[in-house]
Structure formats: C-alpha cells, structure tokens
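Residue-level structure breakdown
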Amino acid sequence: MAGVYIHIPFCKQACHYCDFHFSTSLKKKEEMLLALEKELLMRKEELTGQVVDTIYFGGGTPSVLDTQETDRLIQTVLDHYVVGEDPEITLEANPDDLSSEKLGHFAVSKVNRLSIGVQSFFDEDLRFMNRAHNAEQARATLAMAREQFDNISIDLIYGIPIAEDERWKQNIEIALSYQVPHISSYALTVEPGTALKKFIDKGIVPEVDDEKAEAQFRHLVTTLESAGFLHYELSNFGKPGYFSRNNTAYWQGKTYLGIGPSAHSFNGQQRSWNISNNTLYIKGIQQGRLPAETEILTQRDLYNEYVMTGLRTMWGVSLQRIEQEFGSHFREYLLRQAERHLEDQYLYLDGDTLRVSLKGKFLSDGLAADLFMLPLEKKT
Amino acid sequence: MKHIRNFCIIAHIDHGKSTLADRLLDFTGSVTERDKKEQLLDNMDLERERGITIKSHAIQMEYTYEGEKYILNLIDTPGHVDFSYEVSRSIAACEGALLVVDAAQSIQAQTISNLYLALENDLEIIPVLNKVDLPSANPEEVTDDIVDLLGCDPEDVIPASAKTGIGIGEILKAIIERIPAPKGNVDEPLQALVFDSVYNPFRGVETYFRVINGQISKGQKIKFVATGKNYYADEVGTLKLTQLPRPTIKAGDVGYLITGIKDAREVKVGDTITDADNPTKNPIEGFEDVKPMVFAGIYPVDTEDFEELRSSMEKLQLNDASLVFTPESSAALGFGFRCGFLGMLHMEIIQERLEREFDMTVITTVPNVSYQAFTKKNPDAPITVNNPSDLPDPSTLDRVEEPYIKATIITKADYVGNVMSLCIEKRGQITNQTYLTTERVELNFDMPLAEIVFDFYDRLKTVSRGYASFDYAPIGMRVSKLVRVDILLNAQPVDALSALIHADNAANIGKKMCEKLKELIPRQQFDIPIQAAIGAKIISRETIKALRKDVTAKCYGGDISRKRKLLEKQKKGKKRMRQVGNVEIPQQAFMAVLKLND
C-alpha cells in the first residue's frame, strides 16, 4: 500500500505558530494546480507496482480550493495510478472556509475524510494564535460537517500560555460532544522564525510552560482513552477503524509520494523533498524537471527512524522486525541502550515489543535519541 | 667560526616573530617558492591555528655580506610563559637576540622577562620596531620606550615591517655587524647544549644542540651528562628547511643529532652532550629538571577506553617529555591519570592533541597546583597533594603550604587600579610598582600560583581592556589556609569536582560553582540537587529542574528526516557526557570552576 500526499501551499493568513510552507497570495493558484497535475504525471513510475490506498490534501490550507479543483487532482491520481477499492481521501480544512454550501459540494465529491483545524473552541485562544476563524464558526462548521461526513478528524492545541487547565478540559469535552472519531492534538510548539517565537522573545507573550503542557497532555490521554479512543500516536487519537491511513504510513515506514512544494516522498530506501518555494517549484515543473533533493538512507538511518517513529506509536518497536530487517547486532544494541530506561520504567517490554510508558511519553524524543546508533567514529 | 652568528627572536605573541622569521628565510634565499607558506617554522597545526610557537625550532641560513659568506642560525623560541624554561635554554644557545616590538602595542611583560634572560646571558640585543607600516603604529613613542628600557641609542632601533619586508636588509646587516661571533675551542672536549628535541616516529628523537666547545661527528660515542647515558651519534647534521646530514658539527655551530633514542624523556632540554671517552669537566650551567606546575585528572569519557588512553598518553609523552602522568582512580570517573603540565596552555594543548592525534575524547578535571600538607603527628614530613582528594583529614592537619609566584604585570597607567583590585582579590601582595614610562607601569605581586590557574588571564585582559601583559616565576611554598570544597550531585559526592580553595573564598566559590554547574548540566528526567560542601557542612545549593517535555508534537512525512538528524546530534552530544551515578555530566562541567566569572 502506498500514499499520495498533495501539498496545497496557500493560506488566507499566517497563524502565529506555523512553520509549514505556505503563501498568503493566491495569485499563482491556477499555475500551481497545473504544476501539481504535471508532477503527478511525471512521477507515476515511482509507484509502479504499488496500490494507492490514501490521498491526502495537506498544507497550507487545502480548503482554499473548490471541489472542482480537488476533483481534478484526485482524477489525475485515479487515471494514472493504481488506486485501491476504497481509498481514504482526506482534505485538511479550516472552519472559515467551510460554508454549508462548500461542505455540501465536498460531501458529494471524492473527498471522504475531513481534517478540520479547530485548534480551540475559545475565542481568546484563537486570537492568540491568529487563527482566521472564531469559536462560533468552529462549532457551527463541526455541527454541519458531522451531518455530511462520517470520517472527521479535528485538531486541538494544548499548552497555550494564556489557557488555564480548566479551559483545556472544556475544549476536550466540547470536542467529544461532537462525536468525532479522530482527534489530533498538539502541544503548542515555538518554532524558530515564527511570529510566536518573536513575541515570546520580546516578552509580549508569556513562555510556553512545559509543566503545564505535560499536565494537559496527561489529561487529554486519560480522557480520550476512557472515551474509547486509542492513543495510536503521540499526538493522534482514533476510534478503531478511524486511524489516519496517510499519517500511519509515515510512522510505519511505508511508501508515500509527496506532490507539491516542500512535500516529502519516501520509498523505503530513499527520501526526497521538493523545493519550498512556490515560484521555483512551478518553474522547475514547467521545464519538466523536479526541483527536489534526495537522500539515500543507510541501514543505520532506517534503524534510527524506525526507533524514533516506533516509540511514538502504539505499535512500538518490534524487536523481531529489528532483527529481520537490520540483523541481530542491531537488536542487541537496542536492548543494551534501552537497559537504563527499562530500569527506570520510561520504557517497557511487552513480549517482543519495546514501548514508551505513560511517564516516558512526553520525553520520547530524548529516549529515542538514547537508542540511536551513530556512525563509528573514525580512528586514525 | 668568525662567520657564524647564532641568534634568537624575543617578542610578545602577535608582535610578528614568526612572520619576521619567514621574511629572513625569504631574503636569504633559504626557502624556495614551492616551500613557502605562512609561519614556516610553526609546523604543528596547533601552532599555526593558535598563532603561537609551542616548540623551539632552529634553522640555518646562508647570507653573503660584503663579499663574505656567513652562516646565520636562527633559534625560534616558544612564545608562552608555560614554556619559559625552554626559552631560557634557547637564549643560552645564542650570542644575540632580535628584540621585536610591535610599533603600535609597545613592550609587554613577557618581552621584558625574556629580555632580562637575554641580558643575563650577555646577549647582544638588536631592537626591531615591527609593523611600522600599520596606520596605528606609533614609532616615535615606542622607540622612546625601547631606548628607555635598553639604554641604547635611538639610531640602534631598526624600523621594520616583517609583513611588507621593510628593514629586513638592515636587520641582516645588524646581525652580522653587531652580534659577536661565537667563541669556543674546537680542540677541547665536546661540550654541546641541548636546547630542544623533536620526536620523529620513524627516526626516533632528534636532539637540537649548540656546540660550545669541541666537535661532534657521525659515529662518535657520546654521553648525555644529566641522564648519564651513552649513545652513538648515528647522524649529525645542519637544520636547513629540511635536515642536511654532515660529517661533523664544530664549536660555535648549531645542529641536530639522531641516536635512535625512542623516548623523549631521555633527552632533557638544558642537558650537556659530551664525548663518552673524553668527557668535559664542565657541564653547561643552568640545567633543571622541568617540574610540572599544574595538575589535573584526565579520564576517558567511555570507561572502556582506559587502556587506549594509556597508550595514547604514552605515545604523546614520547614527543613531549614535559608531560608526566600516573594512574589514579576516581569514585565518579573510574580509572584515569593524574597529569602534570607546565601550565594551563600546556594542559589545553595536551587535551587537544589527544583529541586530534589519537581521537580520544577525554574529561579533564579541575586543575590544581601541587600542595604540601603536614600532619600534626609528623609536622616536618611533607605530603605532596596533587589531587584534592589526597588532602589528609582536616582534623589531622598541622598546616598546608601552597606554591607562590612572583607576578610581573605591565599595564597602562589608567588600569593600575583595576589590576590591583584583581590581584588583591586573587590573594596577591604588591611588592613593587615602577613607572617604565609615564604611561606604562610595571607591577609586581607575590601571589599563590593556584589563583593564576583559576580564570586569571581572562580577567586581567578584561579589567585592563587587553592592555595588561603578564609573566610569572615561582618563588617557593608558603603556608595557606586551604579547605576542600566538595560538590554533590543528586546527593552523591563527585570527587572529580572537588577543589582546594582558600577558606575565605570558599563560600563564594562554592556558590558560584553550584550556579555554573546548574547552567552547564542539561536538564534530565528528574530533579538534580547540586550542593557544595566543606566536610559535612553544605555551603550552597541549587536544583536543576526535571525535564518535563522532550518530544515534538508533529512527526509527519516532512519532519522525519530533520528530526532524525536533530536527535542524532543530540545523541552525539550525550556521548561526550559522562554518567556519574544516574546524572549525565558534560565534559566542560568538570572545568566549570575555571570559568566562574563568565
């Protein structure tokens, strides 16, 4: 199974915390769509022998497109790739783009899953993050979407400096009241180069408090788990049968093709990423050349990535898979490195699977790094 | 012999010594275009990068002056106070010295102490005013400074620019006309001064010498007086840009000797080489066994690398005889070595060479000087304390003595107040103050050597805005009120972080150490208390708060590669840390006390 990711690099306005690639000018939209279609044609060989089971419109804000535009792109995939019987076709959407009319159009289009960027049901939070929608829109859109779509995911952000724990609890309650089967929930992260970073540095906005974020994360995990969600990835919770196929491909090391500026592709052995510049991307594609960089992953890179992504998921890191794909010395190395954390119960072994405990979850990057294998230092 | 001139160059760091040497080689045609590179004599990478000379070097030039051919032996000396003994031996091998003074910066402390050494050895001094081409040059005033210092005629000072070549002809002329030819008798028994040695992995130790009397020939049976060992001279020759073997080197000349010695410790700088069968009755005066001034523990980051560290240290010692080490063990760090160094620069160099040449990542512990402790039971028998943990229990102590030095500081008059406050804070006692000129003051202090080890240079530069220069010489041991400050991490004492500190400063330094360690030790999964203690008494405390969040929220297609690389880097950083108990301590934390005021 393979995935196709299509990056729509346009937004109506910039959120203060976002470091994804986008442009707030829609002038080049048509040129961009033509380039995306052309890239799909140029790269179809890359998925030869593979069945596509997920198409994902990410961004940016894909909901700035209308259904004719999304259908054009979907049709291109259907025409030139082998697509499975019941593909998951996701559209990332913002509440302010989803009028009831537009929702109706998407409902009858090939899109069958919505990922709605709600972030919060409170105006103070939304203003803090410079989101384009307000709380009222979020609620209304969600209510309408629920009538048209079965498979809906919403995004929620916790650890917002101005939001107290009580408000976060209410956010979760409200989300649950809409009966959505999937929630992606992220700790607010201060990325370099973002407006949020600048505000914090200047003291305009209080710093993000890790302790508070951790408490909110714990509340999130326990509440959603008792509501029947599976915590299948650090920031993702789904009811059985509703896990994101597209994202699961990333964490399970499956093949995916990333179309559009800044999109990443992976085929099990090499990763490539398109240039993060709309103009240069369009120009390259128009000239029939893919403006991308490639890296070939070594066994060690693949091992490190598997450990890193595996620890984030409920599937953990399978020692058997390590042994099969990388050899027994990788398995022994992994266990040796894990020893200390197993003792301290940040990690635990469940049969042949290594997993992060609840107390280790919020520290899992550092834990993964400790299990990494580095290139042998050259001895002269 | 009357056509030989032996000379050295005395200069402060950055005043242009190595560049001037390059220019002299150029002018006398001693280098071909092909061999030309900057700072030709500084052939260690470290020397080039740091712009300092660590080893002594020698090179022979030929120069025809007024129809006669002269042999000029330039002996390039190390440029740092850590190596002042080597400098003194190089000076003893010469009849003259070029005193190079930067026309913008004027005379510095180290220049003066080396100048005094040269004058004690009756060297003819040729003052050279370098960098006269710089816009900031102040030739008139600096010439006056030189005249004041040397009592020479202003006409004797040669304006020059080693960079552009101004004055090089005049300098060569002065070398020939003003520096006396060596005196010596070829017919007397061999008497040659060892002024340096270099380790060559293929040929063994190469000894650099100056023949005072007699001659040394290939095949001769020779004797090193201080070590008492005999060897055969397998090869002797002249130091051109490369070595040029010759049958004999006669009195007055400089050369190299190869005997197949494999261990640098057998060749001691300052030793006398003589004929084994017809030895001289007069060994050359001034020989000293060089003693280390600063001690520190060196430990492998990975305990498994101990044996490899040992073999690396042994190899390093083959070409650096001034490095001494004995195995020691630390409760915190396991097995390592207590090493003695000539000074702080020497310590840094050893650490860097271990990393570069042997790929050994090491932890260097807080450096200390060598103390002497006397117990009540046995108040006349000194116990040498090269490691704070060797200090006997305070209740049994009669007294502790620490090494003192005489510090010479030259500074601009404006900064005398600042320099004095610093030296007094560092337990210095002023012994003398002299105005060299109206603008420049020489200050002398008696100070504990230990205080110089602890962030003295950097602060001296800061309080004097870079103007003060500094030199020191040991003046013996004095009684001191010292206590051991221990550091506890997570309630466990970390012996490698202990330091001997004067009782009056202990509380303040203990507090600063805790603060510094808090800054340097990364947050871990749990709270880490840091405590400073004297005996059982806690004098200061800080806490490193536990890491609460160490995970990125998003990890999608576009994040994986970047994130993997980030975590790989993180792991690399951790590999350079040492785990003590369950706390990971970065390398630099062990040296934290040196940088308490940063």
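Residues numbered from 1 in each chain as written. Chains lettered and ligands numbered in written order. Predicted model: local features only at pLDDT ≥ 70, side-chain atom pairs only at ≥ 80, totals over all residues. Heavy atoms only, no water.

1. Brief notes about the sheet that holds strand β14 (residues 347-350) of chain A
Through backbone hydrogen bonds, the strands of a sheet pair up, either in parallel or in antiparallel fashion. Residues and elements named next belong to chain A. Read across the open sheet, the three strands follow the order β13-β15-β14; overall the sheet is antiparallel. The open sheet terminates on both sides in strands that have one partner only, identified here as β13 (317-318) and β14. In the sheet, β14 pairs with strand β15 (residues 353-356) via four bridges, with the strands oriented antiparallel. Paired with Asp350 across the two strands is Thr353, which belongs to β15. (Pairing = 2+ DSSP bridges. Helix = DSSP H or I, 4+ residues; strand = E, 2+ residues; numbered from the N terminus.)

2. Observations concerning the interface of chain B and chain A
Contacts between the two partners involve 32 residues from chain B and, on the opposite side, 51 residues from chain A. For the pair chain B and chain A, the two sides together bury roughly 3800 Å², of which 53% comes from carbon and sulfur. On the surface where chain B and chain A come into contact, there are ten salt bridges. Between Lys574 of chain B and Asp370 of chain A there is a salt bridge, and its shortest N-O distance comes to 2.7 Å. Run the count over chain B and chain A and you get 23 residue pairs in polar contact (both at pLDDT 80 or more). (Contact = heavy atoms within 4.5 Å. Buried area = accessible area lost by both parts, 1.4 Å probe. Salt bridge = Lys/Arg side-chain N within 4 Å of Asp/Glu carboxyl O. Polar contact = N/O pair within 3.5 Å; in protein donor to acceptor, adjacent residues only side chain to side chain.)

3. Brief notes about the UniProt feature "domain: Radical SAM core" (unreviewed entry) in chain A
UniProt marks residues 1-230 of chain A with the feature "domain: Radical SAM core" (unreviewed entry), using the numbering shown here. Along residues 1-230 of chain A the backbone is 41% helical and 21% strand, and the end-to-end C-alpha distance reaches 23 Å. (UniProt positions renumbered as here; feature names shortened; annotations may be inferred.)

4. Focus: the domain arrangement of chain B
All names here are of chain B. Along its sequence, chain B is organised into domain 1 (4-178), domain 2 (191-275), domain 3 (294-339 + 351-364), domain 4 (371-480) and domain 5 (484-594). The distance between the C-alpha centroids of domain 4 and domain 5 comes to 30 Å. Tallying the contact residues gives eleven residues for domain 4 and eight residues for domain 5. Our count for the contact surface shared by domain 4 and domain 5 stands at zero salt bridges. (Domains from an automatic or database assignment.)

5. Considerations on the nonpolar core
Counting 105 residues, the largest nonpolar core has Ile6, Phe121 and Ile154 of chain A as the members making the most contacts within it. Beyond its immediate sequence surroundings of up to four residues, Ile154 of chain A is in contact with Ile116, Val118, Phe121, Leu142, Ala175, Val180, His182, Ile183 and Ser184 of chain A. If you look at the next biggest cluster of nonpolar residues, it comprises 85 residues, including Leu391, Leu449, Ala592 and Val593 of chain B. (Core = buried A, V, L, I, M, F, W, Y, C linked by side-chain atoms within 4.5 Å. Buried < 20%, exposed > 50% of the residue type's maximum accessible area, 1.4 Å probe, protein only.)

6. Focus on the packing of aromatic side chains
The relation between two aromatic rings is expressed through the spacing of the ring centres and the mutual angle of the planes. For the coordinates displayed, the defined rule picks out 25 aromatic pairs over all chains. Note on Tyr158 of chain A and Phe217 of chain A: the rings are 6.2 Å apart at their centroids and 35° apart in plane angle, and the pair reads as tilted. You can see Tyr158 of chain A sitting in strand β5 (residues 151-158) and its partner Phe217 of chain A sitting in helix α8 (residues 210-226), a full 59 residues away along the chain. Look at Phe217 of chain A and you get buried, because its relative accessible area is 2%. Among the aromatic residues, those joined into a cluster by ring pairs are Tyr186, Tyr232, Phe243, Tyr250, Trp251, Tyr256, Phe266 and Trp315 of chain A together with Tyr556 of chain B. Note that Arg478 of chain B overlies the ring of Tyr404 of chain B, its terminal NZ or CZ placed 4.7 Å from the centroid. Over the ring of Phe362 of chain A we find Lys549 of chain B, and its NZ or CZ is 5.9 Å from the ring centre. (Phe/Tyr/Trp six-rings, centres within 6.5 Å; stacked < 30°, edge-to-face > 60°. Lys NZ or Arg CZ within 6 Å of the ring centre and 35° of its normal.)

7. With respect to the side chain of Asp102 of chain B
Residue and element names in this part refer to chain B. Relative to the helices and strands, Asp102 resides in strand β4 (residues 96-102). Polar contacts involving the side chain of Asp102 include one to the main-chain amide nitrogen of Ala104, which spans 2.7 Å. Of note is the side chain of Asp102, whose polar atom sits 3.2 Å from the backbone nitrogen of Gln105.

8. Quick notes on the sheet that holds strand β3 (residues 68-76) of chain B
Residues and elements named next belong to chain B. Strand order across the open sheet formed by six strands is β2-β3-β1-β4-β5-β6, with mixed pairing between neighbours. Every other strand in the sheet has two partners, leaving β2 (57-65) and β6 (158-159) as the edge strands with one partner each. Bridging between β2 and β3 involves nine bridges; their strand directions are antiparallel. By the bridge assignment for β3, Ile59 is matched with Leu74. Most of the contacts of helix α1 (residues 17-27) go to strand β1 (residues 4-11), to which it runs at about 150°, and overall it touches β1, β2, β3 and β4. Lying on the sheet, helix α4 (residues 109-120) is in contact with β1, β4 and β5 (124-130); it crosses β1 at an angle near 155°. (Axes fitted to C-alpha atoms, helices over the stretch in contact; angles between N-to-C directions.)

9. Some words on the UniProt feature "binding site: GTP" (unreviewed entry) in chain B
Residues and elements named next belong to chain B. As annotated by UniProt and renumbered to match this structure, "binding site: GTP" (unreviewed entry) occupies Asp14, His15, Gly16, Lys17, Ser18, Thr19, Asn130, Lys131, Val132 and Asp133. When you line up the elements, Lys131 lands in the loop between β5 and α5 (139-150). For Lys131, a relative accessible area of 22% gives the class partly exposed. If we ignore the near neighbours within four places in the chain, the residues touching Lys131 are Asp14, His15, Gly16, Asp102, Ala103, Ala137, Ala160 and Ser161.

10. Details of the packing of helix α3 (residues 100-108) of chain A against helix α5 (residues 135-148) of chain A
Residue and element names in this part refer to chain A. Two elements in contact, α3 and α5, have axes whose closest approach is 10 Å; the angle formed by their N-to-C orientations is 25°. When the interaxial angle is binned, α3 and α5 end up roughly parallel. Read as a crossing pair, α3 and α5 show a hand that is right-handed. When α3 is examined against α5, the residues Ser100, Leu103, Gly104 and Ala107 are found in contact with a partner set consisting of Thr141, Met144, Ala145 and Gln148. For the contact of α3 with α5, the class distribution of residues is four nonpolar, four polar and no charged. (Parallel < 35°, antiparallel > 145°, perpendicular 65-115°, else oblique. Left-handed = near helix turned anticlockwise from the far one by under 90°. Nonpolar A, V, L, I, M, F, W, Y, C, P; charged D, E, K, R; others polar.)

11. Brief notes about a nonpolar patch on the surface
All names here are of chain A. Together, Met1, Val51 and Val82 make up a nonpolar patch on the protein surface, roughly 270 Å² of accessible area in all. By secondary structure assignment, the location of Met1 is in the segment before β1 (2-8). By relative accessible area, Met1 is classed as exposed at 56%. (Patch = residues over 30% accessible without salt bridge, like charges linked within 9 Å, V, L, I, M, F, W, Y side chains within 5 Å. Areas by Shrake-Rupley, 256 points an atom, 1.4 Å probe, with all protein chains shown as cover.)

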